[in-house]
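Take a look at the letters that make up each chain.
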Amino acid sequence: MAKQTIIINELDNVAVALTDLKAGETHEGVELLEDITKGHKFALTHIEEGEQIIKYGNPIARATQNISAGEHVHTHNVRTNLSENLEYTYNKIPTELKEVAPRTVNVYHRANGDVGIRNELWIIPTVGCVNGQAKLILETFKNRYGTKGFDGIFTYTHPYGCSQLGDDHERTKLILQKMVRHPNAGGVLVLGLGCENNQMSAFRESLGEVDEKRVKFLVCQETEDEIEAGVRLLAQIAEEIRKDHREETDISCLKVGLKCGGSDGLSGITANPLVGRFSDYIVAAGGTTVLSEVPEMFGAEQLLMNRAKDEETFDKVVRLINDFKDYFRNNGQTVYENPSPGNKAGGITTLEDKSLGCTQKSGAGPVEDVVFDDGYVTAKGLNLLNGPGNDMCAVTNIGASGCHLVLFTTGRGTPFGGFIPTIKIATNSELANKKSNWIDFNAGAVLDSDFDTQLEKLIDLVVAVANGKLTRNEINNTKEIAIFKTGVTL
């Protein structure tokens, strides 16, 4: 019989249902007083009003009333412990990782020393006004020349690049410039209009030196037929990138993003801990992982801070957390207005509950560095990256930081994919079976198997994707970007 409940940590005073449970059934030595939906929690013992609710071995909430053993524990009878301001101290904990067997991947080596896992041709608009022209150029090129000899042609449209002020304008320009330099792109056509704030001349100047055979620029207002001009430039770039070939390289070259979206009560039990084990594997192999979603660190941030490699890195993590809290407050918003309705329906009760599950993706390794908006991931090992929890913005930020692909765990399912391969990992077998057109990997299998077995399968999948296997988002051509916006639009 399949396992029906789980106590995650021996200190916990709640258990989680792994399937729908009925009132009157006995689980974990407790008779249930009401039906418990899969992913939701029930009390293992009597919990007094004001007493802590313990899950993952840590407090996730405080009881707002007496809760009997066997009773449903959720938003109706608990509240968050979190407040607006916290004091942080550095209490370093041991973070040694075990040695792992070497693996290799077949990647494209770039002239600047980077590697890419795709050799794609991209059109990047500097402003939303030319999104339609970018699509016309792409379709005309494909119909005329095809994509033989490289890994496809894509345009990444967005609504920005004009009427933006201050940080928003700079962030738009910076994200697009980082994409121009991304190693998964063998070549890029940067397409502008001519009168936008994001002027091509300033864009080119701050972009720095590029390979002029692989990066071309076109301003639509400056040419009579921008479609034909764009196609001609793409043909020149394509001729160059068709010369590229994959080479066998140690797996330590990979930079892998870690993301969750549409989480449920099993996210912190199956998929996120499995991804955490993968993070530890790739870090031990000499590679790099990147955890973002800063608001979904709130409530678990001290655990991440204690894993900082030194006090300087600890201070960066504190800045990362406090800057994002300031962003919430500066916009008149409550810092802890989270989880989402979908999260709550799936069994996640408070932000601490969500964050402790979310940060499972980071594994147990040391935090080597923190990357802010203007930076790239350069440190090997686990990095933290500034950015929101929003799926599209977060994956865009992860890709722009230099990651080659992202592991995206989900309990409720989403078809979304970023401009880098987005490996969707289901927290439960039902979702994996129902939405096989969205899902690449079923982490729900750990409930009937074990983490070691599923980790090897996940490593095999990542290697295959790095070698060219298409993810579901690539097959479905759900490849999108979203640029984080914080300010005024004219």
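Model, not experiment: these values are computed from the prediction.

J.: Before we move on, could you go through the sheet that holds strand β10 (residues 104–109) and cite the residues and values that matter?
T.: On the basis of which strands lie adjacent, the open sheet formed by 3 strands has the order β11-β10-β16 and antiparallel pairing. Lying at the two open borders of the sheet, with one neighbouring strand each, are β11 (115–116) and β16 (247–250). Two elements, β10 and β11, share 2 bridges in a ladder whose sense is antiparallel. Its bridge partner being in β11, histidine 109 is matched across the sheet by valine 115.

J.: Give me the lowdown on the nonpolar core, citing residues and values where you can.
T.: Side chains of nonpolar character tend, in soluble globular proteins, to be buried together. Counting residues in hydrophobic clusters, the biggest one holds 59 residues, and the most contacted among them are Leu254, Phe278, Phe298, Leu384, Leu407 and Ile425. Broken down by element, the residue count for this core peaks at 8 residues, all from helix α12 (residues 451–466). Look past the residues within four positions of leucine 407 in its chain and what remains in contact with it is Val256, Gly257, Leu258, Lys259, Val275, Phe278, Ile423, Ile425, Leu458 and Val462. If you look at the next biggest cluster of nonpolar residues, it comprises 32 residues, including Ala185, Val377, Ile420 and Ile483.

J.: Can you tell me about the sheet that holds strand β5 (residues 41–43), naming the residues and giving the values?
T.: Think of a sheet as strands paired side by side through backbone hydrogen bonds, with each pair either parallel or antiparallel. Across the sheet, which stays open at both edges, the 4 strands sit in the order β1-β2-β5-β8 with antiparallel pairing between neighbours. Two strands in the sheet have a free side with no partner beyond their single neighbour: β1 (5–6) and β8 (72–73). Two strands pair when backbone bridges link them, and β1 and strand β2 (residues 14–17) are joined in this way by 2 bridges, in the antiparallel orientation. Within the sheet, the bridge partner assigned to isoleucine 6 lies in β2 and is valine 16.

J.: Kindly report on a nonpolar patch on the surface, identifying the contributing residues and their values.
T.: Taken together, Leu165, Val488 and Leu490 make up a surface patch of nonpolar side chains, about 310 Å² in accessible area. Relative to the helices and strands, valine 488 is located in the segment after α13 (472–475). Valine 488 gets classed as exposed once you look at its relative accessible area, which sits at 52%.

J.: Quick rundown of the pairing of strand β22 (residues 422–426)? Include the residues and the values.
T.: Counting buried positions over the 5 residues of β22 gives 5, a clear majority of the element. Of the two faces of β22, the one lined by Thr422, Lys424 and Ala426 and the one lined by Ile423 and Ile425 are each fully buried. As judged from the 5 bridges shared by strand β21 (residues 405–410) and β22, these two strands associate in the parallel manner. Looking at the pairing, threonine 410 lines up with alanine 426 of β22. Two elements, β22 and strand β23 (residues 441–442), share 2 bridges in a ladder whose sense is parallel. Bridge assignment links isoleucine 425 to a residue of β23, and that residue is phenylalanine 441. The parallel pair β22 and β23, bridged by helix α11 (residues 429–434), forms a crossover whose chirality is right-handed.

J.: Give me the lowdown on the state of the cysteines, citing residues and values where you can.
T.: Per the counting criterion, the structure on display carries 0 disulfides. Here cysteine 162 stays free of any disulfide, with the sulfur of cysteine 129 as its closest cysteine sulfur at 5.9 Å. By relative accessible area, cysteine 162 is classed as partly exposed at 27%. Take cysteine 253: it sits in no disulfide, and the sulfur closest to it among the cysteines is that of cysteine 403, at 13 Å. For cysteine 253, a relative accessible area of 15% gives the class buried.

J.: Quick one: what's the story with the environment of glutamine 221, residue by residue and with numbers?
T.: When you line up the elements, glutamine 221 lands in the loop between β15 (215–219) and α4 (226–241). The class of glutamine 221 is partly exposed, set by a relative accessible area of 48%. C-alpha separation for the pair glutamine 221 and aspartate 168, spaced 53 residues apart in sequence, amounts to 24 Å. If sequence neighbours within four positions are ignored, glutamine 221 has contacts with Leu193, Gly194 and Cys195. Polar side-chain contacts of glutamine 221 include one of 3.4 Å to the backbone nitrogen of cysteine 195.

Rules of the game
Residues numbered from 1 in each chain as written. Predicted model: local features only at pLDDT ≥ 70, side-chain atom pairs only at ≥ 80, totals over all residues. Heavy atoms only, no water. Pairing = 2+ DSSP bridges. Helix = DSSP H or I, 4+ residues; strand = E, 2+ residues; numbered from the N terminus. Core = buried A, V, L, I, M, F, W, Y, C linked by side-chain atoms within 4.5 Å. Buried < 20%, exposed > 50% of the residue type's maximum accessible area, 1.4 Å probe, protein only. Contact = heavy atoms within 4.5 Å. Patch = residues over 30% accessible without salt bridge, like charges linked within 9 Å, V, L, I, M, F, W, Y side chains within 5 Å. Areas by Shrake-Rupley, 256 points an atom, 1.4 Å probe, with all protein chains shown as cover. Salt bridge = Lys/Arg side-chain N within 4 Å of Asp/Glu carboxyl O. Right-handed = clockwise from strand over helix to strand, strands pointing away. Disulfide = S-S within 2.5 Å. Polar contact = N/O pair within 3.5 Å; in protein donor to acceptor, adjacent residues only side chain to side chain.

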